[in-house]
Amino acid sequence: AQSVTQPDIHITVSEGASLELRCNYSYGATPYLFWYVQSPGQGLQLLLKYFSGDTLVQGIKGFEAEFKRSQSSFNLRKPSVHWSDAAEYFCAVGAWAGSYQLTFGKGTKLSVIP
Amino acid sequence: EAGVTQFPSHSVIEKGQTVTLRCDPISGHDNLYWYRRVMGKEIKFLLHFVKESKQDESGMPNNRFLAERTGGTYSTLKVQPAELEDSGVYFCASSQPGAGVNTIYFGEGSWLTVV
């Protein structure tokens, strides 16, 4: 069965600093990979996704992620964090398990210091 | 185009009571999913409808949970009787026919607190 690990529960960065959120997955085949964000009191918003092709994918709000098969990783990055980026970020892998399902990591909560 | 809508957005009920959550998917989306995140845990799959049929309900935690999708339009998720550990946020999502996971759209969630 697939699994997703987000090793950092909580990260604090200063506004304007760069950001990298880690995600490792376990899946036997080529995965579909996603990053979602949940702002306080809001739903899940898709930031970006990887299915195939270029391993560096661009998303909304200036985020990007790089798929590294050799490391089973799909880390999320942003060169300069804004205060509005404070939220919880979820990495997910999509796979067939009776039906197409998303398996999520436990999330990383991002705090931004002014 | 309207997104996935969920109702109620917040609900506080007492242990033993019943709560019904509703989800209206995006028009034309045959696939409808329920996920939930209970306190401190990861978001987990509950079940998947294709139109009115349950494609996969392997994630439903126990028989206190009942999901329906009459007519293949909106869906309801009933918890009866609710327990304290049911507290969390329940997400509904939908996607187009044959889309698999690659174009799933989530609603804003229904936040359930059982006291």
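(A) Just the state of the cysteines, in detail. All names here are of chain A. Scanning all chains against the criterion turns up two disulfides over all chains. Bridging Cys 23 to Cys 91, the disulfide has an S-S length of 1.9 Å. Residues Cys 23 and Cys 91 are joined by a disulfide whose S-S torsion is about -65°; by sign, that bridge is left-handed. Of the two residues, Cys 23 sits in the loop between strand E3 (19-21) and strand E4 (24-26) while Cys 91 sits in strand E10 (residues 87-96), which places them 68 residues apart along the sequence. Neither residue differs from the other here; Cys 23 and Cys 91 are each classed as buried.

(B) Representation of the side chain of B:Arg37. Here B:Arg37 lies in strand E4 (residues 31-38). B:Arg37 gets classed as buried once you look at its relative accessible area, which sits at 15%. Of the polar contacts made by the side chain of B:Arg37, one reaches the backbone oxygen of A:Lys106; its length is 3.1 Å. When near neighbours in sequence (up to four residues on either side) are disregarded, B:Arg37 contacts A:Gln38, A:Glu88, A:Phe90, A:Lys106, B:Glu42, B:Ile43, B:Gly88 and B:Val89.

(C) Spatial organisation of the interface of chain B and chain A. Tallying the contact residues gives 20 residues for chain B and 23 residues for chain A. Here chain B and chain A share an interface that buries about 1,800 Å² over both sides, 58% of which is from carbon and sulfur atoms. For the interface between chain B and chain A, the tally reads one salt bridge. With a shortest N-O distance of 2.9 Å, B:Arg37 and A:Glu88 are connected by a salt bridge. The interface formed by chain B and chain A contains four residue pairs in polar contact (both at pLDDT 80 or more). With three residues, E4(B) is the largest single contributor of residues to the side of chain B that touches chain A. Across the side of chain B that touches chain A, the residue classes tally to nine nonpolar, seven polar and four charged.

Basis of the calculations
- Residues numbered from 1 in each chain as written.
- Chains lettered and ligands numbered in written order.
- Predicted model: local features only at pLDDT ≥ 70, side-chain atom pairs only at ≥ 80, totals over all residues.
- Heavy atoms only, no water.
- Disulfide = S-S within 2.5 Å.
- Helix = DSSP H or I, 4+ residues; strand = E, 2+ residues; numbered from the N terminus.
- Buried < 20%, exposed > 50% of the residue type's maximum accessible area, 1.4 Å probe, protein only.
- Polar contact = N/O pair within 3.5 Å; in protein donor to acceptor, adjacent residues only side chain to side chain.
- Contact = heavy atoms within 4.5 Å.
- Buried area = accessible area lost by both parts, 1.4 Å probe.
- Salt bridge = Lys/Arg side-chain N within 4 Å of Asp/Glu carboxyl O.
- Nonpolar A, V, L, I, M, F, W, Y, C, P; charged D, E, K, R; others polar.

Worth remembering: the numbers are spatial, not functional.
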